[in-house]
Amino acid sequence: MTIKEIAALPADPEALKNRAAEAIRRDRDFAGSVADGLPPTLASLLYALPASPQVRGAAYQALAKLPAVRVEGRTTDVRGAGGRLRDLPAPGRWTCSGQADHRP
């Protein structure tokens, strides 16, 4: 994606999920299903692409509704900041356990 395309992503979780699904369907190099592609695609907005805070928030919300992602409840990270623990997909592997979302 270009910087311009990333900047134009919707900050609504459902609209963002639909946009990601469209991109997955158009990706000729991706051999999996849309359901397989959504978790890593949405997660890439959290740590691999320069998405706005609003789009990152929408990505978290969209991810939390996917069956492949587990929201495990409240936790504290190594710095003592509170948040919610999620198992998120990460590039090159299926889960990246221990990601903390520091929003209430």
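Worth saying up front: this structure is predicted, and the values here are computed from it rather than measured. (Residues numbered from 1 in each chain as written. Predicted model: local features only at pLDDT ≥ 70, side-chain atom pairs only at ≥ 80, totals over all residues. Heavy atoms only, no water.)

This next bit is on the packing of helix H3 (residues 34-47) against helix H4 (residues 53-64). Between H3 and H4, whose axes approach to 8 Å, the crossing angle comes to 150°. Classified by the interaxial angle, the pair formed by H3 and H4 is roughly antiparallel. Pair H3 / H4 crosses with left-handed handedness. Two secondary-structure elements touch here, H3 through Pro39, Leu42, Ala43, Leu45 and Leu46 and H4 through Val55, Arg56, Ala59, Tyr60, Ala62 and Leu63. When the residues that make up the contact of H3 with H4 are grouped by side-chain class, the tally is 10 nonpolar, no polar and one charged. (Axes fitted to C-alpha atoms, helices over the stretch in contact; angles between N-to-C directions. Helix = DSSP H or I, 4+ residues; strand = E, 2+ residues; numbered from the N terminus. Parallel < 35°, antiparallel > 145°, perpendicular 65-115°, else oblique. Left-handed = near helix turned anticlockwise from the far one by under 90°. Contact = heavy atoms within 4.5 Å. Nonpolar A, V, L, I, M, F, W, Y, C, P; charged D, E, K, R; others polar.)

Its 12 residues place the ends of H4 17 Å apart at the C-alpha level, agreeing with the 16 Å of an ideal helix rising 1.5 Å per residue. Of all the positions in H4, only Val55, Gly57, Ala58, Ala59, Tyr60, Ala62 and Leu63 are classed as buried. (Expected span 1.5 Å × (residues − 1). Buried < 20%, exposed > 50% of the residue type's maximum accessible area, 1.4 Å probe, protein only.)

On to the packing of helix H2 (residues 13-26) against H3. With their axes 9 Å apart at the nearest point, H2 and H3 run at an angle of 120° to one another. As for the relative orientation of H2 and H3, their crossing is right-handed in sense. In this structure, H2 uses Leu16, Lys17, Ala20, Ala21, Ile24 and Arg25 to contact H3, whose residues at the interface are Val34, Gly37, Leu38, Thr41, Leu42 and Leu45. Grouping the constituent residues of the contact of H2 with H3 by class yields eight nonpolar, two polar and two charged.

This part takes up the confidence of the model for the protein. Residues at a pLDDT of 70 or more form 80% of the protein, whose mean pLDDT is 80. The weakest mean pLDDT in the protein belongs to strand S3 (residues 93-101) at 42; the strongest belongs to H2 at 95. (pLDDT = per-residue confidence, 0-100.)

What the rule picks out here adds up to one salt bridge. The shortest N-O distance in the salt bridge between Glu14 and Lys17 comes to 3.8 Å. A residue pair is termed a helical-turn pair when its members lie 3 or 4 positions apart in one helix, as Glu14 and Lys17 do in helix H2 at three residues. By relative accessible area, which is 25% here, Lys17 ends up partly exposed. (Salt bridge = Lys/Arg side-chain N within 4 Å of Asp/Glu carboxyl O.)

Time to look at H2. Taking 1.5 Å of rise per residue, 14 residues should cover 20 Å, and H2 covers 20 Å from first to last C-alpha, within 8% of that figure. Two or three places before Glu14, at the start of H2, stands the capping residue Asp12, its side-chain oxygen 3.2 Å from that residue's backbone nitrogen. (Polar contact = N/O pair within 3.5 Å; in protein donor to acceptor, adjacent residues only side chain to side chain.)

The next thing to look at is the environment of Glu22. With respect to the element layout, Glu22 can be found in helix H2. Looking at Glu22, the relative accessible area reads 39%, which means it is partly exposed. Spatially, the C-alpha atom of Glu22 lies 8.6 Å from that of Val34, the residues being 12 residues apart in sequence.

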